[in-house]
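Chain by chain, the residues:
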Amino acid sequence: MIYLKSFILLGLSLNLWAAPIKIVTTLPVLKNITEEIGGDKVSVQSLADPGQDAHFVQPKPTFMKKLREAKMFIEVGLDLELWGQKIVDSAGNPNVQRGKPGRVFASAGVSTLETPAILSREYGDVHPYGNPHIWLDPVLVKKMAKNICNGLVAVDLPNKAFYEANLKIFESKIDKALVIWEKKAKSIAQKKLVTYHRSWSYFARRFGFDVLEQIEVKPGIPPTPKHRDEIMALIKDAGVKTILMELYYDKTAPEYIAKRTGVKIVQVPIDVGAIPEAMDYFSLITYILDKLAA
Amino acid sequence: MVKAILLLGLVSLSAFGQSTDPLIDRVEQLEDKINSPQQRPNLFNPGITAFGNMLTCAGQNCGSIFQLREVELDVRGSIDPWADGVIIIAVEGHDGHFHVDVEEGYAVLKKLPILDDAPWGLTLKAGRYLQPFGRFNQIHLHDLPQINQPLVIKAFLDDHAFSRVGFSGEFFIPTPGENNSLRLNLNLINGGGLAFINVPNPKYPAGLGHLSWFWDLAAEHDLEVGLSAYVEHNPANPNPIQLYGTDINYKWRPYHLGDKKSFLLGGELFVANGFKGLNNRWPLGFFVWSQYQLNQWFYPSVRYSYAQGVKNELLQAAGVYLTYYTTEFLRLRAGYEYDIGKNQNQFLFELNFVLGSHPVEPYWVNR
């Protein structure tokens, strides 16, 4: 009996000392959510730089090395990170192949906006499954966190209760923050926005903004002088006061428009960790709303 | 209709304020089910991409002024849970005549059926594929940063690109640190037929290896150094035919500017030995090139190539190029090439277009 107890205790101790699960995510925001759910049971690396455009990450060999050792690979999905599959293909890691528990699509089951009725390059760089920038809606982030939690449980069943408890805490933190964020958003008088790229649809829907037009002619297609002039006319007609855009887009066209219309340019990060003021998901959303309110 | 009823239900439920009623959860689940993106109906079909490449040439030794140089059909997808397949058919045009070639056709074993985990991330490839001798030889015509393959590739490997039937195994060699990776690619292929020797038919087995060390110098600066070796036992030669190479590539790409700026500097050096009929026993060739991305659209580039001892000739060429992209799917490129050895000038204009689901390019292809 003593031996049995010692054996169980030894097993428990080994479990306590178990090395954290190595996880690789495509984007820093996924790393942040995974760390919220996984706590000290996970060691997470993100491939994309926080200040980088998620569409144009290039598959470096060092990314493949990082993924080679991972037990889990988390991506948004919805064809946002097309480069992710290239890394999986070259990493030679069976844990993260499609259909394995270690391959997690955080967008699974999320209702997307702007799913194209016609798939043609004539419409620009369209995403066939709909707009993939879902993490900018905190309510959808709860769904993403649940998908990540399910993935963690699938690869590490003994810690199921731990992950599920952390998920509840995270959801509760989102719910509490959402009350503050919605109040902040309501206080912003100017609800009409022009954005650079079609990244802000979920954010706008959640916080009651009205995105009238994009500076890009079509997704991924930079503005032409004609389109720029049309935007200026729209801004004047509709009384738009703000252009909302990501840090990594070229400011030439927005500045041209701002100079002639007096519209304010709000340039903000779209991912966690790009600036010191937005090092986690909560501070990211707060920062964006604060900049819009300023 | 169903959606409308569900939405009506949701609205009426919401009217009573925030509720944790399981009915709301159920309605939300059903709504998610309705609105979730559907998988494409062609899910089991492979991804198909077609590339078209047209060249206009003015100057000396141009051949036809207008050339449809290549139409390439790229078909790829999963074969089963263990393997992926790639087939690339190229229809190549020259002076109004076309011929069809299987540029690549191979299967990649991404998981081994016997072992759960392949040692060192080993991936196996079998079929016909562009051989990993240096970097440029692995880049298809439509992805090249200049209009043609460098003179050195043409002089030593193949006029178009060196593609052979064989097997390859690629794996990571463990290295300390997170910011570098060392990969070795070993191939057993049908040898022969290299451009620098006159044995036309690939007949004798050859071994080819490429070792590449990639290093993240800093957040936006990358360096890759590669070593290549090709050895072929050909009974017509007293010694094994050998070709060695090294390739170096540096890339700067600032993250905060999206895809608006980049700088590439690279080069490859080839040295051959072990075949009859040449005065120079160690023919040598190299090329250096650079490309700077001015903005989202324009990419100027320069290249200089040198080869001596191949077919008892001194070959030298230099070129300047300006590339304009409307999107990644349509590229226009103007170039001027000067063949120093033959004192010939060419003015070139290239149009490249992509139809379909463009596969993700290799790392050293900038767009």
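Residues numbered from 1 in each chain as written. Chains lettered and ligands numbered in written order. Predicted model: local features only at pLDDT ≥ 70, side-chain atom pairs only at ≥ 80, totals over all residues. Heavy atoms only, no water.

## Considering the overall build of chain B
Move 1: For chain B, the helix and strand inventory stands at 3 helices and 16 strands.
Move 2: The buried share of chain B, reckoned over its 367 residues, is 47%.
Move 3: Considering only residue pairs separated by 6 or more positions, chain B has 53% of its internal contacts joining residues 24 or more positions apart.
Move 4: About 17,600 Å² of surface is accessible on chain B, with carbon and sulfur atoms providing 65% of the total. (Helix = DSSP H or I, 4+ residues; strand = E, 2+ residues; numbered from the N terminus. Buried < 20%, exposed > 50% of the residue type's maximum accessible area, 1.4 Å probe, protein only. Contact = heavy atoms within 4.5 Å. Areas by Shrake-Rupley, 256 points an atom, 1.4 Å probe, with all protein chains shown as cover.)

## Concerning the packing of aromatic side chains
Residue and element names in this part refer to chain A.
Move 1: The tally for this structure, following the rule as stated, stands at 23 aromatic pairs over all chains.
Move 2: Relative to Tyr163, the ring of Phe162 has its centre 5.7 Å away and its plane inclined at 70 degrees; by these criteria the two rings are edge-to-face.
Move 3: In this structure Phe162 comes out as partly exposed when scored by relative accessible area, which is 26%.
Move 4: Under the relative-accessibility criterion, Tyr163 is labelled buried at 0%.
Move 5: Geometrically, the ring pair formed by Trp181 and Tyr281 is edge-to-face, given 6.3 Å between the ring centres and 80 degrees between the ring planes. Here the residue Trp181 occupies a position in helix H6 (residues 160-187), and Tyr281 occupies one in helix H10 (residues 281-293), the gap between them amounting to 100 residues. (Phe/Tyr/Trp six-rings, centres within 6.5 Å; stacked < 30°, edge-to-face > 60°.)

## Focus: H6 of chain A
Residues and elements named next belong to chain A.
Move 1: If you check H6, its first and last C-alpha atoms are 40 Å apart, about what 28 residues at 1.5 Å a residue would give, namely 40 Å.
Move 2: Among all positions of H6, only Tyr163, Asn166, Leu167, Phe170, Glu171, Ile174, Ala177, Leu178, Trp181 and Ala185 are buried.
Move 3: Residues of H6 that are buried sit in contact with strand E1 (21-25), helix H2 (28-38), strand E2 (42-46), helix H5 (138-155), helix H7 (201-207) and H10. (Expected span 1.5 Å × (residues − 1).)

## Some points on the confidence of the model for chain B
Residue and element names in this part refer to chain B.
Move 1: On average, chain B scores 84 in pLDDT, and the residues at 70 or more come to 85%.
Move 2: Of all the helices and strands in chain B, helix H1 (residues 2-14) carries the lowest mean pLDDT, 46, while strand E12 (residues 284-293) carries the highest, 96.
Move 3: Note on residues 1-19: pLDDT is under 50 here. Beyond four places in sequence and across chains, it has 13 contacts.
Move 4: Overall fold confidence (pTM) sits at 0.85, and the ipTM for the predicted complex is 0.82. (pLDDT = per-residue confidence, 0-100.)

## So, unusual backbone geometry
Move 1: For Asp79 of chain A, which is not glycine, the phi torsion reads 60 degrees and is therefore positive.
Move 2: For Asp79 of chain A, the position within the fold is in the loop between strand E3 (72-75) and helix H4 (83-91).
Move 3: In this structure, Asn61 of chain B takes a positive phi of about 60 degrees despite not being glycine.
Move 4: Residue placement: Asn61 of chain B occurs in the loop between strand E1 (47-59) and strand E2 (66-80).
Move 5: Given the relative accessible area of 57%, Asn61 of chain B is considered exposed.

## Observations concerning helix H9 (residues 252-261) of chain A
Residues and elements named next belong to chain A.
Move 1: Listing the buried residues of H9 in full gives Ala253, Pro254, Ile257 and Ala258. Taken down its axis, H9 places every buried residue within 135 degrees of arc, on the same side. What points out from H9, more than 90 degrees from its buried face, is the exposed set Thr252 and Lys259.
Move 2: Packed against the buried residues of H9 are helix H8 (225-238), strand E7 (242-246) and strand E8 (264-268).
Move 3: Just past H9, the residue Gly262 takes up positive phi, approximately 80 degrees. (Arc of directions from axis to C-beta.)

## Side note on the interface of chain A and chain B
Move 1: Across the contact, 44 residues belong to chain A and 54 residues belong to chain B.
Move 2: Put simply, chain A and chain B have 2 salt bridges between them.
Move 3: The salt bridge partner of Asp222 of chain B is Lys60 of chain A, with a shortest N-O separation of 3.0 Å.
Move 4: For the pair chain A and chain B, the number of links is 10 residue pairs in polar contact (both at pLDDT 80 or more). (Salt bridge = Lys/Arg side-chain N within 4 Å of Asp/Glu carboxyl O. Polar contact = N/O pair within 3.5 Å; in protein donor to acceptor, adjacent residues only side chain to side chain.)

## Some details on the pairing of strand E13 (residues 298-310) of chain B
Residue and element names in this part refer to chain B.
Move 1: Pairing analysis gives 8 bridges linking E12 to E13, with the strands arranged antiparallel. Paired with Ser290 across the bridge in E13 is Val302.
Move 2: Two successive antiparallel strands, E12 and E13, enclose a turn made up of 4 residues.
Move 3: The sheet contact formed by E13 and strand E14 (residues 313-327) spans 12 bridges and is antiparallel. In the sheet register, Tyr299 faces E14, and the bridge partner there is Thr323. (Pairing = 2+ DSSP bridges.)

## What about the sheet that holds E3 of chain A?
All names here are of chain A.
Move 1: Spatial ordering of the open sheet is given by E2-E1-E3-E4, a layout of 4 strands whose pairing is parallel. Two strands close off the open sheet at either side, each with one partner strand: E2 and strand E4 (103-105). Between one strand and the next, the sheet's axes are offset by a mean angle of 20 degrees, whatever the strand orientation.
Move 2: Relative to E4, E3 runs parallel, the two sharing 3 bridges. Considered in E4, the bridge of Glu75 is made with Phe105. (Axes fitted to C-alpha atoms, helices over the stretch in contact; angles between N-to-C directions.)

## Details of a nonpolar patch on the surface
Move 1: The grouping of Met54, Ile65, Phe66, Leu68, Val71 and Phe98 of chain B at the surface amounts to a nonpolar patch, some 560 Å² of accessible area in total.
Move 2: Considering every element that reaches the nonpolar patch, the biggest residue donor is E2 of chain B, with 3 residues. (Patch = residues over 30% accessible without salt bridge, like charges linked within 9 Å, V, L, I, M, F, W, Y side chains within 5 Å.)

## A short note on the environment of Lys160 of chain A
Residue and element names in this part refer to chain A.
Move 1: Note that Lys160 resides in helix H6.
Move 2: On the accessibility criterion, Lys160 (37% relative accessible area) is partly exposed.
Move 3: Taking the C-alpha atoms as reference points, Lys160 and Tyr287, 127 residues apart in sequence, are found 33 Å from one another.

## Topic: the packing of H6 of chain A against H10 of chain A
Residue and element names in this part refer to chain A.
Move 1: Two elements in contact, H6 and H10, have axes separated by 11 Å at closest approach and are oriented at 5 degrees. With respect to their mutual orientation, H6 and H10 come out roughly parallel. Counting all contacts with H6, which are made through Phe170, Lys173, Ile174, Ala177, Trp181, Lys184 and Ala185, the residues of H10 involved are Tyr281, Phe282, Ile285, Thr286, Leu289 and Asp290.
Move 2: Partitioned by chemical class, the residues of the contact of H6 with H10 number 9 nonpolar, 1 polar and 3 charged. (Parallel < 35°, antiparallel > 145°, perpendicular 65-115°, else oblique. Nonpolar A, V, L, I, M, F, W, Y, C, P; charged D, E, K, R; others polar.)

## Thoughts on the pattern of salt bridges
Move 1: Summed over all chains, the structure comprises 21 salt bridges over all chains.
Move 2: When the shortest N-O distance is used, the salt bridge between Asp216 of chain B and Lys60 of chain A registers 3.2 Å. Note that Asp216 of chain B is positioned in strand E8 (residues 205-218) and Lys60 of chain A in the loop between E2 and helix H3 (61-68), a pairing that runs across two chains. The burial state of Asp216 of chain B is the same as that of Lys60 of chain A; both residues are buried.
Move 3: Here Glu230 of chain A ties to Lys226 of chain A by a salt bridge, and the two come within 3.4 Å at their closest N and O atoms. Of this pair, Glu230 of chain A and Lys226 of chain A both sit in helix H8, 4 residues apart, roughly one helical turn.
Move 4: The class of Glu230 of chain A is partly exposed, set by a relative accessible area of 42%.

## A word on the sheet that holds E8 of chain A
Residue and element names in this part refer to chain A.
Move 1: Reading across the sheet, the 4 strands line up as E6-E5-E7-E8 and stay open at both edges, with parallel pairing between neighbours. With partners counted over all chains shown, the strands left at the sheet margins are strand E6 (210-214) and E8, one partner each. Looking at each pair of strands side by side, their axes are set apart by 30 degrees on average, direction ignored.
Move 2: Looking at chain direction, E7 and E8 are connected through 5 bridges and run parallel. By the bridge assignment for E8, Leu244 is matched with Val266.
Move 3: Contacts from H10 reach strand E5 (192-195), E7 and E8, with the element oriented near 170 degrees to E8.

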